[in-house]
Amino acid sequence: MKKKIGIDLDGTVANFIMGASQVIKEHFGHEPDLSKGFWGMDEIFDLVPGTFHRDMKDFIYKEKRLFRGLEKLEEDNHLLTTALYSDVPNLQVYFVTARPTYVEVMEDTRLWIKENGFLCHGVHHADDKASLCVEKGISVMIEDQVNHITDLSDKGIDVIVMDQPWNRDLDQELHEQKARIRRVNNWREAFVAAKELL
């Protein structure tokens, strides 16, 4: 039987927050406050809720092609997928992201994955990651965003939480009632947790 694992991109393997912060500061003059943690672009730029509007997104995603040039969170984190394919028989790795489905974003996402040395069977863009994982038979997900972690665990998907300041208040015990949750600090720990959960 095939085993399937999903890996989020932004905040898990790609440094979205730094890449977006640089572009927004340069082109819109907003100074990021990274001490707030990342709950959304409105928060780190101290914007009125909802002001990280479509025009800003279109500019940074389509014109500046933000997702093509993001740095990795760890220089060698592409080895996570290599190690998983090597050590877990019958495994399929998928990247599952809530990035928008603009043609440019989807193209840049696939290029970024390939150019940074990650291996995978495919890439899925979905706002509702939990439903997608259930539909595709993905039993384990590596994720950093609390709302996705909560939804995934509530649907019985085991979650490897990539530790970030914005997810440290996660009520892990509550969500472990339906799924197993493991908190990790780097790709090596994520690899160990994945082998345990798969």
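As the structure is a prediction and not an experimental result, all values here were calculated from the model.

K.L.:
I tried to follow the pattern of salt bridges on my own but got confused; where do I start?
P.N.:
A pair can form between side chains of opposite charge whenever their charged atoms are brought close. Enumeration over the complete set of coordinates arrives at 14 salt bridges. For Arg99, the salt bridge goes to Asp10, with nearest N and O atoms at 2.7 Å. Of this pair, Arg99 sits in the loop between strand E2 (91-97) and helix H5 (103-115) while Asp10 sits in the loop between strand E1 (3-7) and helix H1 (16-28), and the two are 89 residues apart along the sequence. You'll find Arg99 and Asp10 in the same group, each marked buried. Asp76 is the salt-bridge partner of Arg188, the closest N and O atoms lying 2.7 Å from each other. On the criterion of sequence distance, the pair formed by Arg188 in helix H9 (residues 187-197) and Asp76 in the loop between helix H3 (54-63) and helix H4 (79-87) is long-range, its members being 112 residues apart.

K.L.:
Got a minute to help me understand the packing of helix H6 (residues 129-136) against helix H7 (residues 146-154) in this structure?
P.N.:
Packed helices, taken two at a time, are described by the angle between their axes plus the distance between the axes. Remark: H6 packs on H7, axes separated minimally by 8 Å, with the N-to-C direction vectors making an angle of 40°. It follows that H6 is oblique to H7 by the angle criterion. At the point where H6 passes H7, the crossing takes the right-handed sense. Mapping the contact onto sequence places Lys129, Ala130 and Cys133 in H6 and His148, Asp151 and Leu152 in H7. Classifying every residue of the contact of H6 with H7 gives 3 nonpolar, 1 polar and 2 charged.

K.L.:
Is there a simple way to think about the packing of H4 against H9 in this case?
P.N.:
Interaxial distance between H4 and H9 falls to 9 Å at its minimum, and their mutual angle equals 25°. Between H4 and H9, the angle is such that the two are roughly parallel. For the crossing formed where H4 meets H9, the hand is right-handed. In this structure, H4 contributes Leu79, Leu80, Ala83, Leu84 and Asp87 to the contact, and H9 contributes Trp187, Ala190, Phe191, Ala194 and Lys195. Class assignment of the residues belonging to the contact of H4 with H9 gives a composition of 8 nonpolar, no polar and 2 charged.

K.L.:
Could you clarify how one ought to interpret the environment of Arg180 in this entry?
P.N.:
Topologically, Arg180 is positioned in the loop between helix H8 (172-175) and strand E6 (181-184). In this structure, the C-alpha to C-alpha distance between Arg180 and Ile157, residues 23 residues apart in sequence, is 7.8 Å. Ignoring anything within four residues of it in the chain, the contact list for Arg180 reads Asp158, Val159, Glu196 and Leu197. Polar contacts involving the side chain of Arg180 include one to the side chain of Asp158, which spans 2.7 Å. Only 3.0 Å separates the side chain of Arg180 from the backbone oxygen of Leu197, close enough to count as a polar contact.

K.L.:
What am I meant to see in the side chain of Asp163 here?
P.N.:
Structurally, Asp163 is set in the loop between strand E5 (158-162) and H8. In this structure the side chain of Asp163 is engaged in a polar contact, spanning 2.7 Å, whose partner is the side chain of Arg168.

K.L.:
I'm lost on a negative patch on the surface in this one. Help?
P.N.:
Together, Asp127, Asp128, Asp151 and Asp154 make up a negatively charged patch on the protein surface. Position of Asp127 relative to the elements: it lies in the loop between strand E3 (122-125) and H6.

Cut-off values and rules
- Residue numbers run consecutively from 1 along every chain, following the written order of its sequence.
- It should be noted that, the model being predicted, local features are given only for residues of pLDDT at least 70 and side-chain atom pairs only at 80 or more, the latter also being counted only at that level, while totals for whole chains, interfaces and linings use all residues.
- Side-chain calculation: all heavy atoms of the structure are included, whereas hydrogens and water are not.
- A side-chain nitrogen of Lys or Arg and a carboxyl oxygen of Asp or Glu constitute a salt bridge if their distance falls within 4 Å.
- Working definition: helices are DSSP H or I runs of at least four residues, strands are E runs of at least two. Numbering for both runs from the N terminus.
- A simple rule labels every residue: compare its accessible area, found with a 1.4 Å probe on the protein chains alone, to the largest value its type can have, and call it buried under 20%, exposed over 50%, or partly exposed in between.
- To get an axis, a line is fitted to the C-alpha atoms, and for a helix only the part in contact is used. The angle between two axes follows their N-to-C directions and goes from 0 to 180 degrees.
- Any angle from 65 to 115 degrees is called roughly perpendicular, while one under 35 is roughly parallel, one over 145 is roughly antiparallel, and all others are oblique.
- Throughout, a crossing is termed right-handed when the near helix is turned clockwise from the far one, and left-handed when it is turned anticlockwise from it by less than a right angle.
- Residues are treated as being in contact if the distance between any of their heavy atoms lies within 4.5 Å.
- Residues are grouped as follows: Ala, Val, Leu, Ile, Met, Phe, Trp, Tyr, Cys and Pro are nonpolar; Asp, Glu, Lys and Arg are charged; all remaining types, including Gly, are polar.
- Two N or O atoms count as a polar contact when they lie within 3.5 Å, although within protein this holds only if one can serve as hydrogen donor and the other as acceptor, and sequence-adjacent residues are included solely when both atoms are side-chain atoms.
- For patch building, the residue pool is restricted to those with more than 30% relative accessible area and no salt bridge; the joining distance is 9 Å between like charges and 5 Å between nonpolar side chains (Val, Leu, Ile, Met, Phe, Trp, Tyr).
- Working definition of accessibility: Shrake-Rupley area with a 1.4 Å probe, residue cover restricted to the visible protein chains.
- Note that His is not counted, nor are the chain ends; the positive residues are Lys and Arg, and the negative ones are Asp and Glu.
- Charged side chains are reduced to one point each, which is NZ for Lys, CZ for Arg, CG for Asp and CD for Glu.

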